[in-house]
Amino acid sequence: MLDFQKGSGLVGDAIRHSMMSVEVERKFVCNANSLKTLEEIGVCAGQDQFQDRYFDTPQFDLTLRDVWLRQRKGRWELKCPAATLRGAQETRGERAEAAGLCTRYKEMTDAADIHRKLREVLKDVGEKDKLATSECCHQKLTDPRGLGNAEMKCALEEGWATDMNLLCFAEFTTVRRTFIWEEDGVHIDLDEADFGYRVGEIEVLIPEGGDVQAALDKIERTAKKLGVTGDQVVDGKMSVYLQRNYPAHYARLLSQHIL
């Protein structure tokens, strides 16, 4: 989950992300050996720092459908599960295990596409019947689904976000080092969030409808060269943030196999 458009100032958002692309990604724990290999083989594209603010309805109608809306550097971005893509045929054995360690999400940065997707997701929710009361910079929210999150840090956004009753429930800052790998199209990010969590990401971006299996193969070859092993999915920043700050909601996401 929830780490979508990358924030490297030197690589450039326009180069790495079209208005709608698919991110194929594997997260990993970066140890001393993998860092040494990365610094020897990869080309460091620079370091960046950025703040992410994640939004949802008071009842978490978006994230409980695996839809993740955020602001980064003043831009709206949305991430949702990618449809079955070319090359994503069923595999078995080691190839299937490697694919299971990766995520595949469609990323949207165009405002019209984001609005359209949000309206589609929320059309049956009935937001008019859900209440939220404001107290300064915090919202005390009703909790009809028993998520256990009586308070959410949030700020009402002007315009369409307010109309959709979207509130900021998570906010954190990340310091990121970005490397360009020797294999075409592979980027590696080393992230450190301000709540004390570090994680690496091997990423390949493909156009919507592109060959996801080719992307998976690139990620697997890169992981092997970095010495990344293990058959367990590594948590992303948002998973750890929710586990620490919203454990009830985190449990719901786990039970619905979203995280």
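Residues numbered from 1 in each chain as written. Predicted model: local features only at pLDDT ≥ 70, side-chain atom pairs only at ≥ 80, totals over all residues. Heavy atoms only, no water.

(A) Expanded view of the nonpolar core. Among the nonpolar cores identified, the biggest contains 21 residues, and Val24, Phe28, Leu38, Ile188, Ile202, Ile206 and Leu226 are the most heavily contacted of them. Where this core is concerned, the elements lending two or more residues are β1 (20–28), β10 (186–193), β11 (197–207) and α6 (212–226). Examining the composition of this core, we find that six residues originate from one element, α6, more than from any other. Dropping the residues within four chain positions of it, Val24 is found in contact with Cys102, Thr103, Arg104, Ile202, Glu203, Val204, Ile206, Val212, Ala215, Leu216 and Ile219. Counting 19 residues, the second-largest nonpolar core is a separate cluster that includes Tyr54, Leu64, Tyr197 and Leu242. (Core = buried A, V, L, I, M, F, W, Y, C linked by side-chain atoms within 4.5 Å. Buried < 20%, exposed > 50% of the residue type's maximum accessible area, 1.4 Å probe, protein only. Helix = DSSP H or I, 4+ residues; strand = E, 2+ residues; numbered from the N terminus. Contact = heavy atoms within 4.5 Å.)

(B) Inspection of the packing of aromatic side chains at higher detail. Taken as a whole and assessed by the stated rule, the structure comprises eight aromatic pairs. Judged by centre distance (5.3 Å) and plane angle (85°), the ring pair of Phe172 and Phe195 falls under edge-to-face. Highlighted residues: Phe172 in strand β9 (residues 167–180) and Phe195 in the loop between β10 and β11, separated in sequence by 23 residues. Neither residue differs from the other here; Phe172 and Phe195 are each classed as buried. A cation over an aromatic ring shows up here: Lys79 above the ring of Tyr105, its NZ or CZ 3.9 Å from the ring centre. (Phe/Tyr/Trp six-rings, centres within 6.5 Å; stacked < 30°, edge-to-face > 60°. Lys NZ or Arg CZ within 6 Å of the ring centre and 35° of its normal.)

(C) Region of the structure containing the sheet that holds β11. The eight strands lie next to each other as β1-β5-β4-β3-β2-β9-β10-β11, forming a closed barrel whose pairing is antiparallel. Direction aside, neighbouring strands of the sheet carry axes that sit 35° apart on average. In terms of strand pairing, strand β3 (residues 68–72) meets strand β4 (residues 75–81) through five bridges, oriented antiparallel. When the bridges of β4 are listed, Leu69 appears paired with Leu78. In the packing of helix α7 (residues 237–245) onto the sheet, contacts are made with β2 (43–56), β3, β9, β10 and β11, and the angle to β9 comes to roughly 145°. (Pairing = 2+ DSSP bridges. Axes fitted to C-alpha atoms, helices over the stretch in contact; angles between N-to-C directions.)

(D) Representation of the confidence of the model for the protein chain within the structure. Counting all residues, the mean pLDDT for the protein chain is 79, and 73% of those residues have values of 70 or more. For the stretch residues 1–18, pLDDT sits under 50, and the model shows 79 contacts to residues farther than four places along the chain or on other chains. The model gives residues 127–157 a pLDDT under 50, and that stretch makes 76 contacts with residues more than four places away or in other chains. (pLDDT = per-residue confidence, 0-100.)

(E) Quick peek at the pairing of β1. With eight of nine residues buried, β1 is to be regarded as a mostly interior element. As paired elements, β1 and strand β5 (residues 102–108) share seven bridges and run antiparallel to each other. Residue pairing across strands places Met20 opposite Met108, the latter belonging to β5. Bridge count for β1 against β11 is eight bridges, and the pairing is antiparallel.

(F) Region of interest: the environment of Ile219. Within the secondary structure layout, Ile219 lies in helix α6. Along the chain, Ile219 and Ile202 lie 17 residues apart, while their C-alpha atoms are 6.4 Å from each other. Setting aside chain neighbours within four positions, we find Ile219 in contact with Val24, Glu25, Arg26, Cys102, Ile202 and Val204.

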